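Secondary and tertiary structure notes
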Amino acid sequence: MGLFDYSSYLVEEKLLTPRYTLIIKNEKGEELGKAVSKFLSFRGKIEFIDSQGQKVGFIEGKLSARPTFKIVDRHQKHIATVKEKMLTIRSEWWVEDPEGEKILFVKGDVWGLEYKIEDKSGLVVAEVSKKFWSIRDHFGVKIKYDFNPFLVLSIVVALGFQNQRASAAAAS
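A few points on the structure. (Residues numbered from 1 in each chain as written. Predicted model: local features only at pLDDT ≥ 70, side-chain atom pairs only at ≥ 80, totals over all residues. Heavy atoms only, no water.)

A closer look at the environment of V128
Put simply, the rule is: Strands are runs of DSSP state E lasting at least two residues, helices are runs of H or I lasting at least four, and both sets are numbered from the N terminus onward. Between two residues, a contact is recorded if the distance between any of their heavy atoms is within 4.5 Å.
With respect to the helices and strands, V128 occurs in strand β11 (residues 124-129). Sequence separation between V128 and G108 is 20 residues; the distance between their C-alpha atoms is 9.6 Å. Apart from the residues within four sequence positions on either side, V128 is in contact with L113, E114, Y115, F139, G140, V141 and V156.

Spelled out as structure tokens, the structure:
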């Protein structure tokens, strides 16, 4: 099975690396692939690489006041854009299709890795939680209703990357 053929994932952030790197595993802990930022990427390009070393999609951040991440599949097709609402006390994220229509909403604590991804009708299509796994620096992603795993993992990776950038900026 390939990287995007599962409904549950264990995601591990590699610490002490020069690039933002997430190892993506199945529930058994078998490595399926990874998401790796380009070295010294100011725009935030993050590539998904499967267990055979093939690039199977990417996310590209945009330099702007509003964090924005374009999601592109293995065929170079733009499938969605992840955006954050500006000037709010609580972080508010949503996902737009290529035409700019809002299709998904992120609800919960993005910083604490306890959130849900909902469609326009409020149906939860995925959950992200540290509570699914007791191991430190791991979190679980559970996808429901045969929803697109690449899209869900891309949202999770984009939010994690933005949190890392925000943490680094706050520390400096």
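Observations concerning the pattern of salt bridges
So the rule is basically this: Basic side-chain nitrogens of Lys or Arg form a salt bridge, by our definition, when they fall within 4 Å of a carboxyl oxygen of Asp or Glu. For the exposure calls, accessible area comes from a 1.4 Å probe over protein chains only, and a residue counts as buried if that area is under 20% of its type's maximum, exposed if over 50%, partly exposed in between.
Evaluated as defined, the whole model comprises five salt bridges. Between K144 and E127 there is a salt bridge; the shortest N-O distance is 3.3 Å. In this pair, K144 is assigned in the loop between β12 (138-143) and α1 (149-171) and E127 in strand β11, connecting sequence segments 17 residues apart. Look at K144 and you get partly exposed, because its relative accessible area is 28%.

Concerning the pairing of strand β2 (residues 21-25)
The criterion, for reference: Strands are labelled as partners when DSSP assigns at least two bridges between them.
β2 sits mainly inside the fold: five of its five residues count as buried. Burial along β2 is two-sided: the face carrying T21, I23 and K25 and the face carrying L22 and I24 are both buried. Pairing analysis gives four bridges linking strand β1 (residues 8-13) to β2, with the strands arranged antiparallel. Pairing of V11 across the sheet is with I24, part of β2.

With respect to the packing of aromatic side chains
Basically, it comes down to this: Two rings from Phe, Tyr or Trp (for Trp, the six-membered ring) form a pair when their centres are within 6.5 Å of each other. A pair whose planes differ by under 30 degrees is stacked, one over 60 is edge-to-face, and the rest are tilted. Consider the ring centre and the ring normal. A charge sits over the ring if Lys NZ or Arg CZ is within 6 Å of that centre and within 35 degrees of that normal.
Counted according to the given criterion, the structure contains six aromatic pairs. Where F4 meets F48, the ring centres are 5.8 Å apart and the plane angle is 70 degrees; that geometry is what we call edge-to-face. Taken together, the residues span a long stretch of sequence, with F4 in the segment before β1 and F48 in strand β4 (residues 45-50) at a distance of 44 residues. On the accessibility criterion, F4 (16% relative accessible area) is buried. An aromatic cluster of at least three residues, connected via ring pairs, comprises F4, F48 and F150. Lying across the ring of W94, K102 places its NZ or CZ 4.3 Å from the centre.

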